Each structure stands twice: as C-alpha cells, then as structure tokens.
Amino acid sequence: MNENDLLKSVMLNFQRIEQARGSYKKTVLRSLEGTSTVRYLRILLSPDYVFHIDKKILLKETNLMPDRMFDSLLDVCAYLCSKSALNNQDIANIRGYIQRLDPDLHNFVRSFLQKSLKLGVAIKTYNECFPSDPITDVTCMLAKKYYENQNAVYGREFCVTEKLDGIRCLAVLRRGRTPKLYSRQNKPLEGLYEIYSDLRQIQVAGWNDCVLDGELLISNRHGIPSKEQYKRTTKIVMSDQQSKHGLTFHVFDYIPLCEFESKVGAIAYISRRGVLEQ
C-alpha cells in the first residue's frame, strides 16, 4: 500500500472512531488492533511525541526548498521528535512532504502534526483497548480537603511539606531513555535544559525507572511574595524561549515507575520520602 492509500485508510478509520458513541467506540478501537491506524493513534495521544507545530508555523512563508525527503508520515514524526525547535528549513521540509501528498490529505496531515484532531479517545481508553502497548498516563496526585477526608488524618501518621506556589512537574526517568518533564495537564515541558542536565546526572547515579513529583519554582525567590513567585515561574515556563533558565525543581515525592503506571502504591509516602532524603 502506498503512502497516500495508507493515510487515507487511517483518516477514514479516525473518522469512524470520532463518530462512534458510548461503548461502541471501544468496539471500533479493538477492531483496528494490529493496523497502522492504532500506531498513528498512539502517536496522536502520547505526550512523548512532541512536534512543536501549530497552525501558524505551517502557514509561515519561506522561500527555502526542501532539502530532505520523507518516505512516510512516521518518518516525519521521528524527524520532528528529534528537534527541540523548528527552523525555516525544517518547516520547508515538512511543507514539502505535505505538498507531495494527494490534496484531500493535506488538512488531515496538518491537523495530525498539530495534534489538534479530536477523536473522543482518552489515554485511559486507549490503554484499556490495547493493554499490550500502553501509553504512560502522566497524571499527578491531587490534594483533597482534609475535613472531607478526616479518616485519613485523625489517629494516623502523616507528613507535612512546604506549600510552594510554583508549577507542578513530573519527571519520568526510564532506564536507557532521555528524561521527560510533564505538567499536571500531561503536557511536555520543553527547554528546561539545566534541569534535564541534572536529571541525566542522577540517572547515571542509578535513579531510573521512577517518577519524581515536585514543583518548578524560580531559583532566586528570597524575599519575593508567593504570588509573584508563581507569576515569574509561569512566565519562564510558558515563554517561547528555546532555552529556559532560572528555575529549580523542588522534588517532594519519589514513585517507582511500575507503581506510577499501575496507579497502585505499595510503598508508603514516608518510606518514599526517605529515599529522597538519602
């Protein structure tokens, strides 16, 4: 099957998935197991695939000619994932690939690369349908009101940590892989090269197959009001700068990766905290 026919098949199957309602959506998903559609669906949903593409980038004018030819959309995805940011030549290469496809595929491929396709499928649903190749659902534990959960407090041992007004951050450390940083909304955090460098160093020291949960906060926060600390932290993290500096990652929890992925904790927090304080 050539690239145009394959992508048209994926496009039609995506339409089937989007149009399916209720439990029938899972039936449609399971019927596609083993097809290219599932592979592309995984790329669309997984936060590990970061393309740095929005509508404005693909519409940006450039006089450059493509200097790289792609055999498939999978090749394009691999190429984009290798980039921390896109330059004009990268944009020319991607636009050249799209222009070589049949015209009725152009909008579909643009939307796919922008990750703007809405199929009504959550990561949890994908994992239920395809348990042999799950996507890591990077969602953090959220606080609850203690007076609505008094049985978890009174008469029990618990830990108290400082409340920081920063940006929640999860660092996923897999053996043999580059560290990944995610926000509480499951969005990759890019450009934090100083923090990535520190994480790679602790991987070398033996910290692997775990998740570190904490807060990003401006490094120089002495004497700055809490609300202003948050504003300055957000400004750095959300900026368009390719390299972002002046932040510290304050870690308050260590979770073995197997427990994080299963959402079942076997190790009490006080013991996990002890690992951090070693």
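Residues numbered from 1 in each chain as written. Predicted model: local features only at pLDDT ≥ 70, side-chain atom pairs only at ≥ 80, totals over all residues. Heavy atoms only, no water.

Asks: Please explain the packing of aromatic side chains as it appears in this structure.
Replies: Geometry of an aromatic ring pair is reported as the spacing of the ring centres plus the angle between the planes. In this structure the tally under the stated criterion is six aromatic pairs. With a centroid separation of 5.0 Å and an interplanar angle of 65°, the aromatic rings of Phe 70 and Tyr 79 are classed as edge-to-face. The class of Phe 70 is buried, set by a relative accessible area of 7%. Ring centres of Trp 207 and Tyr 254 lie 5.5 Å apart, and the angle between their planes is 85°; on these two criteria the pair is classed as edge-to-face. (Phe/Tyr/Trp six-rings, centres within 6.5 Å; stacked < 30°, edge-to-face > 60°. Buried < 20%, exposed > 50% of the residue type's maximum accessible area, 1.4 Å probe, protein only.)

Asks: Would you take a moment to explain the nonpolar core for this structure?
Replies: Ranked by size, the top nonpolar core spans 41 residues in total, and within it Phe 14, Leu 73, Ile 94 and Leu 113 carry the most contacts. Discounting chain neighbours no more than four positions away, the residues touching Ile 94 are Ile 53, Leu 58, Phe 70, Val 76, Tyr 79, Leu 80 and Leu 113. (Core = buried A, V, L, I, M, F, W, Y, C linked by side-chain atoms within 4.5 Å. Contact = heavy atoms within 4.5 Å.)

Asks: Explain the packing of helix α1 (residues 3-19) against helix α3 (residues 36-45) to me, please; I cannot follow it from the model alone.
Replies: Packed helices, taken two at a time, are described by the angle their axes make and the gap between the axes. Remark: α1 packs on α3, axes separated minimally by 9 Å, with the N-to-C direction vectors making an angle of 70°. The orientation of α1 relative to α3 falls into the category roughly perpendicular. The chirality of how α1 crosses α3 is right-handed. Contacts between α1 and α3 involve Leu 6, Leu 7, Ser 9, Val 10, Asn 13, Phe 14 and Ile 17 on the former and, on the latter, Ser 36, Thr 37, Tyr 40, Leu 41 and Leu 44. Classifying every residue of the contact of α1 with α3 by side-chain character gives eight nonpolar, four polar and no charged. (Axes fitted to C-alpha atoms, helices over the stretch in contact; angles between N-to-C directions. Helix = DSSP H or I, 4+ residues; strand = E, 2+ residues; numbered from the N terminus. Parallel < 35°, antiparallel > 145°, perpendicular 65-115°, else oblique. Left-handed = near helix turned anticlockwise from the far one by under 90°. Nonpolar A, V, L, I, M, F, W, Y, C, P; charged D, E, K, R; others polar.)

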